[in-house]
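So the chains spell out like this:
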Amino acid sequence: MFYTEEDRKAGLPAIALETARRDGRFEREGLRIRKDGTKFWANVVIDAIRDGEGELIGFAKITRDITERKRAEETLERTREALVQSQKMEAIGHLTGGVAHDFNNLLMAIQGSLELLKRRLPSGDNQMQQLLDNALKGAQRGASLTQRMLAFARRQELKLQTVDVTELITGMTELLQRSLGAAVQIETHFSLGLPKVSADANQLELAILNLSMNARDAMPDGGSIIISARERNVQNEPGLKPGRYVCLAVKDTGIGMDEQTLRRATEPFYTTKGVGKGTGLGLPMVLGMTEQTGGKLYLKSKPREGTTAELCLPVAPTAEEVDKTDITPSAVTVRRALRIVSVDDDPLVAFNTLAMLQELGHTVFSASSAAQALTLISEMGDIDLLITDQAMPGMTGSELAEAVRRDWADLPIIIATGYAELPEGPAQAIPRLAKPFFEQDLADAIASIEASQTSRSSRR
Ligand SMILES: Nc1ncnc2c1ncn2[C@@H]1O[C@H](COP(=O)(O)OP(=O)(O)O)[C@@H](O)[C@H]1O
Ligand SMILES: [Mg+2]
């Protein structure tokens, strides 16, 4: 009754006595069975008892129930593992974010210069145009990868909008169907009257695309992907603020994931698809985007039973809740040549911005640090606009903005950043330009600054 069946088969009772006889003591922890048949963790000590002459006269056996201690140890071990895992993810996040940030700058320089080259190339040289297009495509693919890394590290610039999920998905099913091929069918199910969510529409589309491609990859022989959305009221849920959410699910009937894959699926660069096929950045992008938006990603999967990825996004505040004073300026703007001070500590980016601004017809004074920018602003006089990088050694872009506000309260500022995290405070209100940007993005940002300037002065 006392030993488990396995221990009995392994000959433990005899081994225990033999050890005690030879060494004087046998001690071990193991599973034992109580009289009522239940199992428990036991600490067993068997001492050999000898008489004065050293003759063995018997054994003393003490069995202690250590189930509680064992359970506490296991809980501790699990907590420790979870902690190590979350520290690991944080470290990977920092690393990924850092690498992505640097690559972003490099790609921006490459993309920007290629664009300008393309424009300056005499027309008619088709072969050169093709080569340039190819180079641009490569740079763009690189940029979309760094974008996913930044998303995972929750350091991408999100443009939060009010998004109608039903509309967004209906609008992209055709594209989805085309990019996934005819072997898979896309079905959509939406609850009626779903509230709108607060999200970055482009990023949300990308996330759905990533999830759908995973679903397709999991169904090599074809099948259907069901995309659905429903509303959820959250009261008490770890990782989600109480409130209303719209949950978007992408469900497939594919190969599914085992426990280990499921646990690691959202780790960046984790892929089971082999070199050149998977990047391992799809789910990390989805996870990062969702959490940065204030939502949560749920992954459910079992081998051979398919996978459901569900992302819950916060419902957008209704029109009444939004402060209506913040109406976007009218689009009518007079384009004029401006005197611009542009700051970036990275010479490649600085050169690129300079070239774009000149191409747009502006006069540019380039600085490589915030301090230098301040000197330029005061020495050149009549500056119309300051465009600054955020992450710079010494003084950051937002610190520069504060310094500028003190002496030149009316000077418009644009902060160019690949980071979502601007420090709390006045800097949050400054117009931002997400890196990497193209000439058109730059032109748009300047135009909207100009527009708000005119509308402000006409209100005065
Ligand atoms: N719908 C799915 N069905 C089965 N496995 C999946 C699914 N989605 C993701 N996975 C697993 O998670 C891994 C990581 O996914 P992801 O981050 O998108 O990278 P990638 O698709 O480049 O491999 C995949 O390699 C796969 O093993
Ligand atoms: Mg993928």
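Conventions adopted
- Residues numbered from 1 in each chain as written.
- Chains lettered and ligands numbered in written order.
- Predicted model: local features only at pLDDT ≥ 70, side-chain atom pairs only at ≥ 80, totals over all residues.
- Domains from an automatic or database assignment.
- Contact = placed C-beta atoms within 7 Å.
- Helix = DSSP H or I, 4+ residues; strand = E, 2+ residues; numbered from the N terminus.
- Nonpolar A, V, L, I, M, F, W, Y, C, P; charged D, E, K, R; others polar.
- Near = placed C-beta within 6 Å.
- Buried ≥ 20, exposed ≤ 12 C-beta atoms within 10 Å, placed from the backbone.
- Pairing = 2+ DSSP bridges.
- Right-handed = clockwise from strand over helix to strand, strands pointing away.
- Core = buried A, V, L, I, M, F, W, Y, C linked by C-beta atoms within 7 Å.
- Axes fitted to C-alpha atoms, helices over the stretch in contact; angles between N-to-C directions.
- Parallel < 35°, antiparallel > 145°, perpendicular 65-115°, else oblique.
- Left-handed = near helix turned anticlockwise from the far one by under 90°.

Q: What exactly am I supposed to notice about the domain arrangement of the protein chain here?
A: Many structure descriptions define interface size as the accessible area lost when the parts assemble. Considered domain by domain, the protein chain is made up of domain 1 (5–65), domain 2 (86–152), domain 3 (161–314) and domain 4 (339–459). The distance between the C-alpha centroids of domain 2 and domain 3 comes to 26 Å. Facing 7 residues of domain 2, the contacting portion of domain 3 comprises 9 residues. For the side of domain 2 that touches domain 3, the secondary structure elements donating two or more residues are helix 3 (67–120) and helix 4 (126–152). If you tally residues by element for the side of domain 2 that touches domain 3, the top one is helix 4, at 5 residues. Of the residues assigned to the side of domain 2 that touches domain 3, the class counts are 5 nonpolar, 1 polar and 1 charged.

Q: Can you walk me through the site of ligand 1 in this structure?
A: Around ligand 1 there are 23 residues in total, and N214, A218, T271, G278 and G282 lie nearest to it. Within the residue set of the shell around ligand 1, elements represented by two or more residues are helix 6 (201–217) and helix 8 (282–292). Along the lines of polarity and charge, the residues of the shell around ligand 1 split into 9 nonpolar, 12 polar and 2 charged.

Q: Even after reading the chapter, I still don't get the pairing of strand 11 (residues 339–343), so can you show me in this structure?
A: Strand residues, when the strand is regular, have side chains that alternate between the two faces of the sheet. Judged by how many residues are buried, strand 11 sits mostly within the fold: 4 of 5 residues are covered. Pairing of strand 11 with strand 12 (residues 363–367), which is carried by 5 bridges, proceeds in the parallel orientation. Its bridge partner lying in strand 12, I340 is registered against V364. What joins strand 11 to strand 12 is helix 9 (residues 347–359), and the crossover it makes is right-handed. Here 4 bridges tie strand 11 to strand 13 (residues 385–389), and the two strands are oriented parallel to one another. Residue pairing in the sheet places I340 in a bridge with L385 of strand 13.

Q: Help me understand the nonpolar core in this model?
A: Across soluble globular proteins, nonpolar side chains have a tendency to be buried as a group. A207, V246, V286 and L311 are the most contacted members of the largest nonpolar core, which totals 39 residues. For this core, the secondary-structure elements that each account for two or more residues are helix 4, helix 5 (165–180), strand 6 (197–199), helix 6, strand 7 (223–234), strand 8 (243–252), helix 8 and strand 10 (307–314). Leave out the neighbours within four places in its chain, and L311 touches A207, C247, L248, V286, T290, G295 and L297. Counting 26 residues, the second largest nonpolar core, distinct from the first, contains I387, M392, A401 and I449.

Q: Please clarify how the sheet that holds strand 9 (residues 296–301) should be interpreted in this entry.
A: Each strand in a sheet pairs with another by means of backbone hydrogen bonds, the pair being arranged parallel or else antiparallel. Reading across from one edge, 5-7-8-10-9 is the order of the 5 strands in this open sheet, with mixed pairing throughout. Each edge of the sheet is formed by a strand with only one pairing partner; in this case those strands are strand 5 (184–190) and strand 9. The sheet shows a mean angle of 20° between the axes of neighbouring strands, direction not considered. Helix 5 contacts strand 5, strand 7 and strand 8 of the sheet and is inclined by roughly 175° relative to strand 5. Set on the sheet, helix 6 makes contact with strand 5, strand 7, strand 8 and strand 10; between it and strand 8 the angle comes to about 30°.

Q: I keep staring at the packing of helix 4 against helix 8 and nothing clicks. Help me out?
A: For any two helices packed against each other, the geometry comes down to the angle between their axes and how far apart the axes lie. Look at helix 4 against helix 8: their axes get within 7 Å of each other, and the N-to-C directions meet at 50°. When the interaxial angle is binned, helix 4 and helix 8 end up oblique. Helix-helix and strand crossings are classified by hand; for helix 4 and helix 8 the assignment is left-handed. Along its contact with helix 4, which presents R148, A151 and F152, the element helix 8 presents P284, M285, L287, G288 and M289.

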